[in-house]
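Working through the structure, step by step
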Amino acid sequence: MRLLRLLLILAFLSFLPPAMSQTVIDNNDPPLKLGVFIDGCENWDGGCDLDYIRTEITAVDFYRDNQRADVFLLINRNRSGGGGRQYQLIFIGQRNIHAGRTDTLYVNNRQLDTDFEVREKLTRYIKLGLAPYVAKTKVGEEIEIDMKMDSAILEDSVEVTVDPWNYWVFNIGSDANIEIEELSSDVNIGGDININRITEKWKISLSGRVDERLRRTIQKVPRVDDNGDPVLDEDGNQIIDEVANNFDVSEFGFNHQLVRSLSQQWSYGYDIAGRQNTRLNYKFQTSIRPAVEYNFFPEAVQNTRFLRMNYGVELRNNSYVEETISGFLNETRVLHSLRTSLGLNRRWGTLEVGYRLRNYLDDFSSWSTGLNIRADVRVTGNFSFFVRAEGNYVQDQIYLAAGDFTEQDILSGRVTLPSAYIIDTRFGFNYRFGSNLNNFINRRFFGRANFVGTD
């Protein structure tokens, strides 16, 4: 009787091959890589670090547009009963063969767990949740269970992955700088555009900037009558009038950078720049700076911290508005510089500190050193704002104009006076658009140690 039942079941199943074989046929041509969009990694949450997740999971493509992704990962964060953090990971399939599938995982952390421990555990669970989806891609045939791909396989996958922007990213930004003194005030309004293409091996950038400087000065002029005699107040003191003057100065510049990664810690490249800055007496300046750089931390941990040292030799050609104190209207000089940059990534954004030391090779008494600090706060994936402060001790003001200048020239800021130090502050915002792929992290070369407050 049991044998008869088994034969009847097998006979019934024999009528179902078309439906079963259809699934096999569909899976014979799976997609190359899984597209993933992550929502819920808030900037204030140090445990949910999107840069760290992208670094540790290289078997998928991370998208900025949720409509383009195969899987929508929603991360909800709650406090557990013991005071720790609990993450709810909801994997929602929304495209291709994953449409309609939903999985949920929970990640519980103790109250005493550090952000490093939390993000490591969270990322491990994200890998586990994505594993069934990645298994239905071509990349799934080549990876380990930890989803850390071999570099050669990753390069092949990147080449095949279709990105309509070809990894080019465009940034448009604006900022403002306000300086107030007793007899003068400055309002600087600037705009810039940056075009970048970043992969693991190459970093290409093109940028341009325009600044509009609105300056207001107050002159204190003793009041006199028609005969040239002082006009006195009721106490017998000469009356001092305040005369306001307004000035408008425009500046612009451009920059091109190309960087090649040699290893996890070494890279080389060059920087080409040009600018007009009449306040610093530059009718136009062009420069090229080839350099090498060493990163003390490997690229694997660059999403949390980096410490770089960059050395380069720079060739400059300066065309001046006024003859300099050395008697030049045009000159070409060579200088070298050492730059270091320390970066830290925290829950609210990033903090970077840069230091620079440089001098002219033909005159070691012409040197300068400086320190700058910059903080970037991420508001959304595409919008952020920043604040920065920079201080320089300078002994290389070769651009200073010679001759006698009127009080009006000095107050208007048309000329720069000799100074042992320069302090500059700036704040602004940035909006990003362009390539939707979000896979690569490459923070090599120069970083925020481009000291923009001086020449």
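Residues numbered from 1 in each chain as written. Predicted model: local features only at pLDDT ≥ 70, side-chain atom pairs only at ≥ 80, totals over all residues. Heavy atoms only, no water.

1. Concerning the confidence of the model for the protein chain
- Per-residue pLDDT for the protein chain averages 78, and the proportion of residues at 70 or more is 75%.
- Low confidence marks residues 12-26, where pLDDT is under 50. Its contacts with residues over four positions away, or in another chain, come to 0 contacts.
- Within the model, the stretch residues 446-454 combines pLDDT values under 50 with 40 contacts to residues more than four positions away or in other chains. (pLDDT = per-residue confidence, 0-100. Contact = heavy atoms within 4.5 Å.)

2. Focus: the pattern of salt bridges
- Scanning all chains against the criterion turns up 16 salt bridges.
- The salt bridge involving Asp211 is made with Arg209; its shortest N-O contact spans 2.9 Å.
- With a relative accessible area of 15%, Asp211 lands in the buried category.
- Connected through salt bridges with shared partners, the residues Asp175, Asp192, Arg209, Asp211 and Arg426 form a single ionic network. (Salt bridge = Lys/Arg side-chain N within 4 Å of Asp/Glu carboxyl O. Buried < 20%, exposed > 50% of the residue type's maximum accessible area, 1.4 Å probe, protein only.)

3. Side note on the packing of aromatic side chains
- By the definition in use, this model includes 7 aromatic pairs.
- Consider the rings of Phe37 and Phe72, whose centres lie 5.2 Å apart with planes at 50°: the pair is tilted. With Phe37 in strand 1 (residues 34-39) and Phe72 in strand 3 (residues 71-79), this pair connects stretches of sequence that are 35 residues apart.
- The class for Phe37 is buried, based on a relative accessible area of 14%.
- Seen from their ring centres, Tyr294 and Phe296 are 5.2 Å apart, and the 85° between their planes marks the pair as edge-to-face.
- Judged by relative accessible area, Tyr294 falls into the partly exposed class, the value being 26%.
- You can call Phe296 partly exposed: its relative accessible area is 42%. (Phe/Tyr/Trp six-rings, centres within 6.5 Å; stacked < 30°, edge-to-face > 60°. Helix = DSSP H or I, 4+ residues; strand = E, 2+ residues; numbered from the N terminus.)

4. Points about the pairing of strand 10 (residues 266-277)
- Taken together, the 10 bridges between strand 9 (residues 240-261) and strand 10 define a ladder with antiparallel strand orientation. Bridged to Asn255 within strand 10 is Ala273.
- Here strand 9 hands over to strand 10 after 4 residues, the two strands then running antiparallel side by side.
- Two elements, strand 10 and strand 11 (residues 282-295), share 11 bridges in a ladder whose sense is antiparallel. Of the residues in strand 11, the one forming a bridge with Gly269 is Ala291.
- Here strand 10 folds back onto strand 11, and the loop between the two strands holds 4 residues, one of which, Asn281, carries a positive phi near 70°. (Pairing = 2+ DSSP bridges.)

5. Examining the pairing of strand 8 (residues 202-222)
- Note: strand 7 (residues 184-198) against strand 8, 15 bridges, orientation antiparallel. Looking at the pairing, Arg197 lines up with Ile204 of strand 8.
- Connecting strand 7 to the next strand, strand 8, in antiparallel fashion are 3 residues.
- Relative to strand 9, strand 8 runs antiparallel, the two being bridged by 21 bridges. The residue bridging Glu212 from the neighbouring strand is Ser250, located in strand 9.

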